Amino acid sequence: MSFPRCALLWARLPAGRRAGHRAAVCSVLRARVEPVPGALGRVCAVASASSSSSSSSASGGSKAPNTSLFVPLTVKPQGPSADGDVGAELTRPLDKNEVKKILDKFYKRKEIQKLGADYGLDARLFHQAFISFRNYIMQSHSLDVDIHIILNDICFSAAHVDDLFPFFLRHAKQIFPVLDCKDDLRKISDLRIPPNWYPEARAIQRKIIFHSGPTNSGKTYHAIQKYLSAKSGVYCGPLKLLAHEIFEKSNAAGVPCDLVTGEERVTVEPDGKQATHVACTVEMCSVTTPYEVAVIDEIQMIRDPARGWAWTRALLGLCAEEVHLCGESAAIDLVTELMYTTGEEVEVRNYERLTPISVLDHALESLDNLRPGDCIVCFSKNDIYSVSRQIEIRGLESAVIYGSLPPGTKLAQAKKFNDPDDPCKILVATDAIGMGLNLSIRRIIFYSLIKPTINEKGEKEIEPITTSQALQIAGRAGRFSSKYKEGEVTTMNREDLSLLKEILNRPVDPIKAAGLHPTAEQIEMFAYHLPDTTLSNLIDIFVDFSQVDGQYFVCNMDDFKFSAELIQHIPLSLRVRYVFCTAPINKKQPFVCSSLLQFARQYSRNEPLTFSWLRRYIKWPLLPPKNIKDLMDLEAVHDVLDLYLWLSYRFIDMFPDASLIRDLQKELDGIIQDGVHNITKLIKISEAQKLLNLESLSAENQSRLSGTVKGQARRMRGTKTLGSKAAETPSPSVGEKSLASRLVQQGLLTADMLKQLEKEWLTQQTEHGKDKTEHGTHSKGTRRKKKEPDSD
């Protein structure tokens, strides 16, 4: 093509594109008359000039990011251009086969891979970026002038294949925008020195008083007395029940007190004016309102993998002249260290338990040995149902308390158990009784010592309860304010008793770190740099980039990410999406999850969620439960109403009928209370309808495994093994734990070991049977028989 023709085509380009391509075309024209040696050196210089921020980030002292979190964006190939293929007119149309060879050669160049690594493209990112780059080049109808000319020159050996690198890097930053702003993201996610986040608290010199002691030592009582005598105060508790209790105590003592929880706001002043005192859940406390006294209850929960951030925020941020902390001694060292960074001293006041408590030398062993005032603590709903059913068979009445019950139902069951005139004298409960309820318990009986937990990484673990958990639960026996002035603790099974004593005698491990949590503002700044990234992925990248001091950790955000992924496809602003994702939901309840989705969808359509709409949605009126499944469904509906109320205080216009929904929820609470009152009848019906399986293993598997597991258990304990007739041991009766189940719960056997034992036992039985009928059977036939149960 002649030079005048080139100039004519250039003149026909729009001014914007002309300016954008001027440098590239000029460099190409210079390349036609300049020699090409040192191509890679020139590429390095160009890339360095265009990516100085990435270079500095890569060479910085920060930890290398986890690139598996970088989700590539889609860059669509270019379609036909209205101006035609200008690059082809300036040079010639590209031969796609030649271009593919050039790109493959570029990908295999070790120097290019090393250069990519210098700009944050590890092997994984480099490969993904190249695949996208190649697809873009090969599938585009027309390319930008600059890259078209470079590819054409490489085809004619007028440029080096390395000259593609700046274009490749530009494309890589398009699909991985995080590469272009790593320094900014690190600054945004820098969670070091959190005391500086609370300038109002740092502007005053606070007095920190730590009330340390076990359960039932009076530590919270003394802190509350200071709270009640102050001119203004705030109580921060871990549960709605505790906030309600302080709210009622304060107002009963003549101290006007408001209530603030995630789902409820109650003001006591007739004109709606804010009272001098407020009782709230710890997440809801204000860090800008000045108080004379603040009380933070259960301060040891600062280590909680999911909620610990709320205690950290309250401890560092409350604007109070005196901050009273109540909790375990295990938190003293950490609190002292944190307060050292704020320049505040900690005064520790130690308390002893007010009533004696003793660990018995014998286990309960049978429910026939129950006495009035006993509380059986289980760590699963199935155990709750099973034990309640067995107690009812023995002609006794029991109250039931577990975590997913509404607060009103828990209080009603507690009142029933505490009432001396009520025939109900036995309580069956989960560790939900550990805090928030005043119960008149004489003896705590651990049905099991194994509890499923979620660690800081969000992984489920099945381990024995910790010393802290055991002390918290055991301490509910023989409380100072109850009719039983001495408490007793034991286990259901004899083999658990020594482990319980060992757990209770261990020193409580000191708390090492406090939880932190990214704010909505930080996530918004992240999203500004990564506008096309999903909220769930933003959280992952934030946590990966975050830096914390040694006394802190970033809380687990799996529940937040679960909600974010659930509503990702719904068009919402980032701030609204963030609020929806922080709504507390039980992700094990499908109806609650689908309700969050439906609420978000209604919001995105700008359709208010009215009282009449919600009634239709939950199919009100609801019937009393006829079985356990119905009861669980009602609990889920109660959680949905909680979700509505929680959102109503964040989006008043879109959730306008909070007061009507609260009345509806009280009515539902009554229906659930009636269902729990008759829970043994519901359990009996559920068993008859085969809706409830009270065993973790089927009766068939239990009969198969019982003998082998017993032999294995005795060998593990160094005792005499069972004889060959042990396999004929009958399966346990309904409601009693099989030995197999107990051994799994106690951690002596794993599920994999149990399966292996089953296979071994089945193999022995198969071989024994075949010896009687088919002598000399080929071993392959035995192996086939052995595999048949697995296929079933």
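Since the structure is predicted, the reported quantities are computational estimates derived from the model, not experimental observations.

1. Description of the pairing of strand β13 (residues 443-446)
Right, on to step 1. Covered by surrounding structure in β13 are Arg-443 and Ile-445 together with Ile-444 and Phe-446, the residues of both alternating faces.
Right, on to step 2. In terms of strand pairing, strand β10 (residues 374-377) meets β13 through four bridges, oriented parallel. The partner of Asp-374 across the bridge, within β13, is Arg-443.
Right, on to step 3. Sheet topology places β13 next to strand β16 (residues 487-491); four bridges connect them, and they run parallel. Each bridged residue has a counterpart across the sheet, and for Phe-446 the counterpart in β16 is Thr-491.

2. Considering the packing of aromatic side chains
Right, on to step 1. By the definition in use, this model includes 21 aromatic pairs.
Right, on to step 2. Put simply, the rings of Phe-106, Tyr-107, Tyr-119, Phe-126, Phe-130, Phe-133, Phe-165 and Phe-168 pair up and form one aromatic cluster.
Right, on to step 3. Here the guanidinium or amino end of Arg-650 rests over the ring plane of Trp-646, the centre of that ring lying 3.7 Å away.

3. With respect to the sheet that holds strand β11 (residues 398-401)
Right, on to step 1. With respect to topology, six strands assemble into an open sheet ordered β9-β16-β13-β10-β12-β11, the strand pairing being parallel. Edge strands, defined here as strands with exactly one partner in the open sheet, are β9 (357-359) and β11. On average, each strand axis in the sheet is tilted by 20° relative to the strand beside it, whichever way the strands run.
Right, on to step 2. Here four bridges tie β11 to strand β12 (residues 426-429), and the two strands are oriented parallel to one another. Its bridge partner lying in β12, Ile-401 is registered against Ala-429.
Right, on to step 3. Where helix α19 (residues 467-474) meets the sheet, its contacts fall on β9, β10, β13 and β16, and the angle it forms with β13 comes to roughly 140°.

4. Brief notes about the sheet that holds strand β5 (residues 277-281)
Right, on to step 1. Strand order in the open sheet made by the eight strands is β4-β3-β5-β2-β6-β7-β1-β8, with mixed pairing throughout. Looking along the sheet, the strands with just one partner apiece sit at the ends: β4 (265-266) and β8 (346-350).
Right, on to step 2. Against the sheet, helix α13 (residues 219-229) makes contact with β1 (207-212), β2 (233-237), β3 (257-260), β5, β6 (290-296) and β7 (319-327), and its axis sits at roughly 160° relative to β7, the strand it touches most.

5. Notes on the nonpolar core
Right, on to step 1. One finds Phe-580, Phe-599 and Phe-655 to be the most contacted residues of the largest nonpolar core, which totals 162 residues.
Right, on to step 2. Broken down by element, this core gets its largest block of residues, twelve residues, from helix α27 (residues 628-648).

6. Some points on the packing of helix α26 (residues 611-618) against helix α28 (residues 658-677)
Helix-helix packing is characterised by the crossing angle of the two axes and by the distance between the axes.
Right, on to step 1. For the pair α26 and α28, interaxial distance at closest approach is 10 Å and the crossing angle is 35°. The segment α26 lies against α28, with Phe-611, Leu-614, Arg-615 and Ile-618 engaging Leu-660, Ile-661 and Leu-664.
Right, on to step 2. When the residues that make up the contact of α26 with α28 are grouped by side-chain class, the tally is six nonpolar, no polar and one charged.

7. A short note on the pattern of salt bridges
Right, on to step 1. Overall, the coordinates contain 32 salt bridges when judged by the stated rule.
Right, on to step 2. Linking Lys-451 and Asp-431 is a salt bridge whose minimum nitrogen-to-oxygen distance equals 2.4 Å. Of this pair, Lys-451 sits in strand β14 (residues 450-454) while Asp-431 sits in the loop between β12 and β13, and the two are 20 residues apart along the sequence.
Right, on to step 3. Of the charged contacts, one joins Glu-502 and Arg-506 as a salt bridge, the two residues approaching to 3.2 Å between their closest N and O atoms.
Right, on to step 4. Several salt bridges converge on common partners, so that one network encompasses Arg-389, Glu-392, Lys-684 and Glu-687.

8. Looking at the packing of helix α18 (residues 407-418) against α28
Right, on to step 1. Two elements in contact, α18 and α28, have axes whose closest approach is 9 Å; the angle formed by their N-to-C orientations is 40°. Taken together, the axis directions place α18 and α28 in an arrangement best described as oblique. Considering the relative orientation of α18 and α28, their crossing is right-handed. In this structure, α18 uses Gly-408, Thr-409, Ala-412, Gln-413 and Lys-416 to contact α28, whose residues at the interface are Asp-669, Ile-672, Gln-673, Val-676 and His-677.
Right, on to step 2. The residue makeup of the contact of α18 with α28, split by class, is three nonpolar, five polar and two charged.

9. Things to note about α27
Right, on to step 1. With 21 residues, α27 extends 30 Å from end C-alpha to end C-alpha; this agrees with the ideal 30 Å at 1.5 Å per step.
Right, on to step 2. Burial analysis of α27 places 16 of its 21 residues in the buried class, which makes it a mostly covered element.
Right, on to step 3. Two or three places before Lys-629, at the opening of α27, Asn-627 has a side-chain oxygen 3.1 Å from that residue's backbone nitrogen.

10. Considerations on unusual backbone geometry
Right, on to step 1. Along the chain, Trp-620 connects to Pro-621 via a cis peptide bond; the corresponding omega equals 5°.
Right, on to step 2. With respect to the element layout, Pro-621 can be found in the loop between α26 and α27.
Right, on to step 3. At Asn-606, a position not held by glycine, the phi torsion is positive, near 60°.
Right, on to step 4. Residue placement: Asn-606 occurs in the loop between α25 (590-604) and α26.

11. Let's talk about the confidence of the model for the protein chain
Right, on to step 1. Confidence in the prediction for the protein chain averages 83 pLDDT; 79% of positions are at 70 or higher.
Right, on to step 2. Residue range residues 695-736 is modelled with pLDDT below 50. Its contacts to residues more than four positions away, or to other chains, number 63 contacts.

12. Things to note about the side chain of Arg-443
Right, on to step 1. In this structure, Arg-443 sits in strand β13.
Right, on to step 2. Only 3.3 Å separates the side chain of Arg-443 from the backbone oxygen of Asn-369, close enough to count as a polar contact.
Right, on to step 3. Of the polar contacts made by the side chain of Arg-443, one reaches the side chain of Asp-374; its length is 2.6 Å.
Right, on to step 4. Not counting residues within four places of it along the chain, the set of residues in contact with Arg-443 comprises Leu-360, Leu-364, Asn-369, Leu-370, Arg-371, Gly-373, Asp-374, Cys-375, Glu-488 and Thr-490.

Conventions adopted
Residues numbered from 1 in each chain as written. Predicted model: local features only at pLDDT ≥ 70, side-chain atom pairs only at ≥ 80, totals over all residues. Heavy atoms only, no water. Buried < 20%, exposed > 50% of the residue type's maximum accessible area, 1.4 Å probe, protein only. Helix = DSSP H or I, 4+ residues; strand = E, 2+ residues; numbered from the N terminus. Pairing = 2+ DSSP bridges. Phe/Tyr/Trp six-rings, centres within 6.5 Å; stacked < 30°, edge-to-face > 60°. Lys NZ or Arg CZ within 6 Å of the ring centre and 35° of its normal. Axes fitted to C-alpha atoms, helices over the stretch in contact; angles between N-to-C directions. Contact = heavy atoms within 4.5 Å. Core = buried A, V, L, I, M, F, W, Y, C linked by side-chain atoms within 4.5 Å. Nonpolar A, V, L, I, M, F, W, Y, C, P; charged D, E, K, R; others polar. Salt bridge = Lys/Arg side-chain N within 4 Å of Asp/Glu carboxyl O. Parallel < 35°, antiparallel > 145°, perpendicular 65-115°, else oblique. Left-handed = near helix turned anticlockwise from the far one by under 90°. Expected span 1.5 Å × (residues − 1). Polar contact = N/O pair within 3.5 Å; in protein donor to acceptor, adjacent residues only side chain to side chain. pLDDT = per-residue confidence, 0-100.

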